[in-house]
Number of protein chains: 2
Amino acid sequence: MTITLKDIAKHVGLSVTTVSRALAGYDDVAKGTRQRVRAAAKEMGYYPNITARHLQKQRTDTLAFVVPTPGPRFSDPFFSELLAGIGNEAGRHHFDLLVSTQSPDSEDERETYRRIVHGRRADGVLVVRTRQNDERIRFLSEQSFPFVAFGRSDLGSSFPYVDEDSYAGTQLITQHMADLGHRRIGLVSAPAGLMFCQLRVAGYRDTLRANGLEPDQALIIGGDLTQRGGFQAAQTLLALDPRPTAIIACNDLMALGAMSAAQKLGLVIGQDLSVGGFDDIPLAEHAHPPLTTVRQPIYEIGQRITRMLVQLIQGQLAPETRQDASRSSREGETAAETQVILTPQLIIRDSSGPPPDGG
Amino acid sequence: MTITLKDIAKHVGLSVTTVSRALAGYDDVAKGTRQRVRAAAKEMGYYPNITARHLQKQRTDTLAFVVPTPGPRFSDPFFSELLAGIGNEAGRHHFDLLVSTQSPDSEDERETYRRIVHGRRADGVLVVRTRQNDERIRFLSEQSFPFVAFGRSDLGSSFPYVDEDSYAGTQLITQHMADLGHRRIGLVSAPAGLMFCQLRVAGYRDTLRANGLEPDQALIIGGDLTQRGGFQAAQTLLALDPRPTAIIACNDLMALGAMSAAQKLGLVIGQDLSVGGFDDIPLAEHAHPPLTTVRQPIYEIGQRITRMLVQLIQGQLAPETRQDASRSSREGETAAETQVILTPQLIIRDSSGPPPDGG
DNA sequence: CTGTTAGCGCGTTCAA
DNA sequence: TTGAACGCGCTAACAG
């Protein structure tokens, strides 16, 4: 049997209202009464019914996180890290976290968002891995539902987000390979629909050109961000003649897969072949050899978008900047707080070195 | 503006009650009426308020999963896999999933469980990584709150669970090392409070003895289930003289850390040192070299405990078997469905081989 | 200071 | 076949 306010009221001989206010700590209730009520509540083991409270307060103190996983069986450390950051930060602000995994752009994903928004299942949602023409963002914007994204969008609307500078990040690692003397540098790309994919490929291409190297389409292979995908893409790249002396992958997981593929061929990573990644997941440091990569603070980004979302819900975040450019100069400062771009950092480890025979 | 039943009622000129029943598909409403109502609902973009429904129905269609993470920054593929299985299965049954991460045995963890149970925040919870004298299980049992565990317990109470046979699993891998000719086999253990820890250590010890090897306390090092922990434990083990020729870790993550430590010393895994793990996380297969380990189907276990929990909530699962042993024979069949022990499987890969100099 | 009334949005009696 | 009344548990507005 669960104890309700009514039970307490009956027990202490007061009205439900008074009990409610006594427990809420309102000061329009007699001190003695309050103490009596509180004692009774404690003794009877009272806990407020959270659902009833949500209904009455018209908010759920809940955030939703719909993880865009390609297959049912995902096990991407990237999402783990992000989830850890999100979960802990949500807890700090006394928000519950609703987690769901859905295939990107699937009907199930759309339905999940509709349910959350229209059914008022949560007070806000976290959108990650933004896509070109992202229907999630369009939908949430249309519905004026609170959300914060990890990643930018190509839609016109303006919304709060945190993103890392993918272009600059890929520049860093590509330049690193070029500086080491590599001239045939392969790229394991990501699904083209992802916003960061374009930027990373562009960063790679532009940096090659800046170093007098002409991008070779054969050296760019699509990947699906999984270890297996990196493995397969690397196999394709390493079958080329002449084969690349360096491979850059659009995330660490694929980079690790690429290393396996190379090692299977008997190549020594860092000598026969250099490999670079992106993300700096915890695994990267402990890989063999440790992976040279571009670091983005995933856990902290998870925390940050969560904090921003909570503030947005509580009205503490500057309202979203409009497309209206004329106001942008005056709103420069608030805009800086709601739209953050982080500069990634190159982490050089042992998986990269000079090419085997000087080039 | 959100559309409610009241809005539809006003629009079609009927009572809220009728609208509610029309949408629910009751057959005591005129066919024409039903169609009219449905059309209006669709046109107006009606979605039921989920919170209101929960309150009325006295259930939340929500499961809670409190992940026991030692630190805030966890990134354990084990939990990712489990979460994937749980999340997908929950979705299949139209249950939402509430995820929270809390430090094992902390006050925050206790408070989280109290909130879920007393506040009726969810209809059931999933308990994983069971511990000795597990207060979560005691609490949930006392409160008769629906739960299913991944792992057994040393408390008297009986409850539904799925577990893998840790003892048999460790026997397998220890015997494998012994068969290869290893005589000094180190063990990187797990936090002693975990139920599976005792079993794995026992499986290791007993198998050594069965092979005429006396367990050496110096060869058993505590680990915290993280990669870093495995790294450090392996460093300690490898500093011994003579050092072990094989190391078994209580989970794959530590095994990978141990491989790194060995490789840092210039040892070749599978030749100079054999390493074995436990779990068979996706990473294990793609490690370098691929890790010999004991496989337990984590994803499927996540699915399975979730399915059991849903059935338990819906009253489709046999009631928990009592301690009352006299009935056990008659209830053998139902008990078999609510208390499952899976037999793990040895996966031999390249990280294990004969000891360097024949022993 | 306390109680009455009212309502969050929905589903379920029970009459009509 | 439909509607009025009621309750889920809680909080807020208003009287007294």
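Use the structure listed above.
Just so we're clear, the structure is a prediction, and the values are computed from it rather than from any experiment.

With respect to the overall build of chain A
Inference 1: Secondary structure assignment for chain A yields 14 helices and 12 strands.
Inference 2: A compact globule built from 359 residues should have a C-alpha radius of gyration of about 21 Å, whereas chain A, at 26 Å, is more than 25% larger.
Inference 3: Counting only C-alpha atoms and orienting by the principal axes, one finds that chain A spans roughly 90 × 50 × 35 Å.
Inference 4: Looking at chain A as a whole, 54% of its 359 residues are labelled buried.
Inference 5: For chain A, long-range pairs separated by at least 24 residues make up 68% of all intrachain contacts whose partners lie at least 6 apart in sequence.
Inference 6: Roughly 15,500 Å² of accessible area belongs to chain A as shown, and the carbon and sulfur atoms make up 48% of that amount.
Inference 7: Each charge sign in chain A was given a centre, from 38 positive and 41 negative side chains, and these centres are 9 Å apart.

Thoughts on the interface of chain A and chain B
Inference 1: With 43 residues of chain A at the interface, the matching set in chain B holds 43 residues.
Inference 2: Buried surface at the junction of chain A and chain B, both sides included, amounts to about 4,600 Å², of which 53% is carbon and sulfur.
Inference 3: On the chain A side of the contact with chain B, Tyr47(A), Arg73(A) and His286(A) bury the most area, a combined 15% of that side's loss.
Inference 4: When the shortest N-O distance is used, the salt bridge between Asp96(B) and Arg115(A) registers 2.5 Å.
Inference 5: Summed over the shared surface of chain A and chain B, the result is 21 residue pairs in polar contact (both at pLDDT 80 or more).
Inference 6: Mapped onto the side of chain A that touches chain B, the elements with two or more residues apiece are helix 4 (50-57), helix 5 (77-92), strand 2 (96-102), helix 6 (107-118), helix 10 (227-238), helix 11 (252-264), helix 12 (282-286) and helix 13 (298-313) of chain A.
Inference 7: Broken down by element, the side of chain A that touches chain B gets its largest block of residues, 6 residues, from helix 5 of chain A.
Inference 8: Here the residues of the side of chain A that touches chain B are counted per class, giving 16 nonpolar, 17 polar and 10 charged.

Describing the protein's contact with DNA strand D
Inference 1: Residues in close proximity to DNA strand D total 26 residues, the closest being Leu5(A), Tyr46(A), Thr18(B), Ala30(B) and Thr33(B).
Inference 2: Sugar and phosphate atoms form 68% of the subset of DNA strand D atoms that lie within 4 Å of the protein.
Inference 3: With respect to DNA strand D, the side chain of Tyr46(A) contributes an N or O atom lying 2.6 Å from a phosphate oxygen.
Inference 4: Taken together, the elements giving at least two residues each to the surface near DNA strand D come down to helix 1 (5-12), helix 2 (16-24) and helix 4 of chain A together with helix 2 (16-24) and helix 4 (50-57) of chain B.

So, the packing of helix 1 (residues 5-12) of chain B against helix 3 (residues 31-44) of chain B
Residues and elements named next belong to chain B.
Inference 1: For the pair helix 1 and helix 3, interaxial distance at closest approach is 10 Å and the crossing angle is 120°. By the angle class used here, helix 1 and helix 3 are oblique. Our pair here, helix 1 against helix 3, has a crossing hand that is right-handed. Residues Asp 7, Ile 8, His 11 and Val 12 of helix 1 touch helix 3, and the partners they reach there are Arg 36, Val 37, Ala 40, Ala 41 and Met 44.
Inference 2: For the contact of helix 1 with helix 3, the per-class residue count stands at 6 nonpolar, 1 polar and 2 charged.

Here we look at the pairing of strand 2 of chain A
Two faces, one strand: in a regular strand the side chains alternate between the faces of the sheet.
Residues and elements named next belong to chain A.
Inference 1: In terms of burial, strand 2 is a largely internal element, 7 of the 7 residues being buried.
Inference 2: Along strand 2, one buried face is formed by Asp 96, Leu 98, Ser 100 and Gln 102 and the opposite face, lined by Leu 97, Val 99 and Thr 101, is buried too.
Inference 3: Here strand 1 (residues 62-68) runs beside strand 2; their pairing, made up of 7 bridges, is parallel. Bridge pairing links Val 67 to Thr 101 in strand 2.
Inference 4: The β-α-β motif built from strand 1, the intervening helix 5 and the parallel element strand 2 has right-handed crossover chirality.

Digging into empty space enclosed by the protein
Inference 1: Counted under the stated rule, the structure contains 3 cavities of 30 Å³ or more.
Inference 2: Considered as a void within the structure, the largest cavity measures approximately 220 Å³ in volume.
Inference 3: Ala287(A), His288(A), His286(B), Ala287(B) and His288(B) are the residues nearest the centre of the largest cavity, which is lined by 18 residues in total.
Inference 4: The class makeup of the residues in the lining of the largest cavity is 8 nonpolar, 10 polar and no charged.
Inference 5: Its boundaries defined by the atoms lining it, the second largest cavity holds a volume of some 110 Å³.
Inference 6: Taken together, 13 residues form the lining of the second largest cavity, with Phe79(A), Ser80(A), Leu83(A), Ser80(B) and Leu83(B) sitting closest to its centre.
Inference 7: Of all the secondary structure elements, the ones that give two or more residues to the lining of the second largest cavity are strand 1 and helix 5 of chain A together with strand 1 (62-68) and helix 5 (77-92) of chain B.

Observations regarding the relation of the copies chain A and chain B
Inference 1: Once chain A is rotated about the relating axis by 180° and shifted along it by 0.0 Å, it coincides with chain B to within an RMSD of 0.1 Å. Such values leave the two copies arranged in the relation of a two-fold axis. No C-alpha of chain A approaches the rotation axis more nearly than that of Leu98(A), which lies at 2.3 Å.
Inference 2: In this assembly the copies share their binding face: 100% of the residues contributing to the interface of chain A also contribute to that of chain B.

So, the protein's contact with DNA strand C
Inference 1: Among the 25 residues in the neighbourhood of DNA strand C, the closest are listed as Asp28(A), Thr33(A), Leu5(B), Tyr26(B) and Tyr46(B).
Inference 2: Sugar and phosphate atoms constitute 66% of the interface atoms of DNA strand C, taking the interface as everything within 4 Å of the protein.
Inference 3: A distance of 2.8 Å separates a phosphate oxygen of DNA strand C from a polar atom in the side chain of Thr18(A).
Inference 4: The side chain of Tyr46(B) places a nitrogen or oxygen atom 2.7 Å from a phosphate oxygen of DNA strand C.

Conventions we followed
- Residues numbered from 1 in each chain as written.
- Chains lettered and ligands numbered in written order.
- Predicted model: local features only at pLDDT ≥ 70, side-chain atom pairs only at ≥ 80, totals over all residues.
- Heavy atoms only, no water.
- Helix = DSSP H or I, 4+ residues; strand = E, 2+ residues; numbered from the N terminus.
- Rg over C-alpha atoms; globule rule 2.2 N^0.38 Å.
- Buried < 20%, exposed > 50% of the residue type's maximum accessible area, 1.4 Å probe, protein only.
- Contact = heavy atoms within 4.5 Å.
- Areas by Shrake-Rupley, 256 points an atom, 1.4 Å probe, with all protein chains shown as cover.
- Lys, Arg positive; Asp, Glu negative; His and termini not counted.
- Charge placed at Lys NZ, Arg CZ, Asp CG, Glu CD.
- Buried area = accessible area lost by both parts, 1.4 Å probe.
- Salt bridge = Lys/Arg side-chain N within 4 Å of Asp/Glu carboxyl O.
- Polar contact = N/O pair within 3.5 Å; in protein donor to acceptor, adjacent residues only side chain to side chain.
- Nonpolar A, V, L, I, M, F, W, Y, C, P; charged D, E, K, R; others polar.
- Near = heavy atom within 4 Å.
- Axes fitted to C-alpha atoms, helices over the stretch in contact; angles between N-to-C directions.
- Parallel < 35°, antiparallel > 145°, perpendicular 65-115°, else oblique.
- Left-handed = near helix turned anticlockwise from the far one by under 90°.
- Pairing = 2+ DSSP bridges.
- Right-handed = clockwise from strand over helix to strand, strands pointing away.
- 1 Å grid on protein atoms, 1.4 Å probe; cavity = no way out; pocket = protein on both sides within 12 Å on 5 of 7 lines; lining within 4 Å.
- Points joined across faces, edges and corners; volume = space filled by probe spheres on them.
- Least-squares fit on C-alpha atoms with pLDDT ≥ 70 in both.

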